[in-house]
Amino acid sequence: MAQIVLLAGDGIGPEIMAQAGRVLEAVNARFGLGIVTSEHLIGGAAIDATGEPLPEATLAAAKAADAVLLGAVGGPKWDGLPMANRPEKGLLKIRAGMNLFANLRPALLYPELASASTLKPEVVSGLDLLIVRELIGGIYFGEPRGIEGEPGQRVGFNTDRYSEPEIERIGRIAFEAAMTRDRRLCSVDKANVLEVTVLWREVMTRLSAEYPEVELSHMYVDNAAMQLVRAPKQFDVMVTGNLFGDILSDAAAMLTGSIGMLPSASMNSDNQGLYEPCHGSAPDIAGQDVANPLATILSVAMLLTHSLKAPEAALAIETAVKSVLAQRLRTADIATGASGERVVGCQAMGDAVVNAL
Ligand code: NAD
């Protein structure tokens, strides 16, 4: 049996989650995965019901589950609350509470959507890369940190710090991911300037002896940023620290041009994961049945691959998504106005994926 916690959240969250839930049911039935789901509160919906963005019961259920599927949190209704009580705090707390140190963000450009990218179709068509970002260490968390000194002379400082075990555990996730793909891993650092990344490079190189089938390369982050927009198809898997990963994963996401298509996973060392679309709660279109559910549906595929180790079920979902795109069904965010396209709502897109399954 596999336990999955569903957290719909706010805005378009409940709409996209409803469609992802149907897809999950469909693969569960077809592949006999023994999945049991339970629904819990997070974000603004949780604040309204309990006063807390992450109720104890939600965190307890998430920790006990094999995986968590999340819609999105936040919205104007809660924007006036103090920072510590905002819906987004629920997300940060659940990531920390589940010790989710590895963030996996694929950037996959479906050939049918090549014209949605800001780069030339020939540069991005067929793009399929995965960025593995360390999520709970590095300069965002390193101590000491602060702003000190007399007014006018103050100094601001942060510490970029990674231990060998921290580098090794994110490295393993990246090598394992590369083993399931094209077996090429590019580790991104700034080893010409920063000692912390000299150590990063050393540990990645040492780890590569355990994965002889994976071709490891190293790249300085400034060059990686340039290569990502110059020739992004050269990459298969990229692994990097928290700060560089934050920036590079957003740049990679934009290469695909369609925020409604991008899934993500955040994992811990027990293969437990939180799976969610890269986009937010889109309050501007909530409740109108126009949101694109495909990023959430593709997050289900990531969940099946990484937490449930059911790659054939994941592939079935990915194939179903490709087939609805090939049928030229489009939600409004990915419609280009080309002839033959049929613009559909959130529910109809979910129907199409379930039918294709
Ligand atoms: P957003 O991603 O919600 O929306 C940005 C734009 O993209 C909007 O025009 C929206 O309509 C569109 N969009 C997003 N997802 C879409 C989808 N699936 N289908 C079609 N169009 C889609 O970002 P924002 O407007 O900056 O933030 C809105 C709220 O979401 C804020 O409260 C923010 O804090 C929150 N947020 C939450 C998460 C999360 O839950 N992980 C992430 C980012 C932002």
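Thresholds applied
- Residues numbered from 1 in each chain as written.
- Predicted model: local features only at pLDDT ≥ 70, side-chain atom pairs only at ≥ 80, totals over all residues.
- Heavy atoms only, no water.
- Pairing = 2+ DSSP bridges.
- Helix = DSSP H or I, 4+ residues; strand = E, 2+ residues; numbered from the N terminus.
- Right-handed = clockwise from strand over helix to strand, strands pointing away.
- Axes fitted to C-alpha atoms, helices over the stretch in contact; angles between N-to-C directions.
- Contact = heavy atoms within 4.5 Å.
- Near = heavy atom within 4 Å.
- Areas by Shrake-Rupley, 256 points an atom, 1.4 Å probe, with all protein chains shown as cover.
- Nonpolar A, V, L, I, M, F, W, Y, C, P; charged D, E, K, R; others polar.
- Phe/Tyr/Trp six-rings, centres within 6.5 Å; stacked < 30°, edge-to-face > 60°.
- Buried < 20%, exposed > 50% of the residue type's maximum accessible area, 1.4 Å probe, protein only.
- Lys NZ or Arg CZ within 6 Å of the ring centre and 35° of its normal.

Caption draft 1: Representation of the pairing of strand β9 (residues 215-220) in the model. Here strand β8 (residues 184-189) pairs with β9 via six bridges, running parallel. Following the sheet pairing, Val188 is matched in β9 by Met219. For the crossover that starts at β8, traverses helix α7 (residues 195-208) and ends in the parallel β9, the hand is right-handed.

Caption draft 2: Summary view of the sheet that holds strand β1 (residues 2-9). Judged by pairing direction, the sheet is mixed, and its ten strands sit side by side in the order β2-β1-β3-β12-β11-β4-β5-β10-β8-β9 without closing on themselves. The sheet terminates laterally at β2 (35-40) and β9, the two strands that pair on one side only. Each neighbouring strand pair of the sheet contributes to a mean axis angle of 20°, computed without reference to strand direction. When strand β4 (residues 102-108) meets strand β5 (residues 128-134), the two strands line up antiparallel, connected through seven bridges. Looking at the pairing, Pro106 lines up with Leu130 of β5. Along the sheet, helix α8 (residues 221-230) makes contact with β5, β8, β9 and β10 (237-240), crossing β9 at roughly 105°.

Caption draft 3: Molecular detail of the site of the ligand. In the vicinity of the ligand lie 19 residues, with Glu88, Gly280, Ala282, Asp284 and Asn292 positioned nearest. Protein coverage of the free-state accessible area of the ligand, which is 810 Å², stands at 68%. Of the residues that constitute the shell around the ligand, the class distribution is nine nonpolar, six polar and four charged.

Caption draft 4: Summary view of the packing of aromatic side chains. All chains considered together, the criterion is met by two aromatic pairs. Ring centres of Phe175 and Tyr211 lie 4.8 Å apart, and the angle between their planes is 10°; this geometry places the pair in the stacked category. One end of the pair, Phe175, is in helix α6 (residues 164-179); the other, Tyr211, is in the loop between α7 and β9, and 36 residues separate them in sequence. Relative accessible area serves as the criterion here: at 0%, Phe175 is assigned to the buried category. The ring of Phe101 carries Arg169 above its face, with NZ or CZ at 4.1 Å from the centroid.

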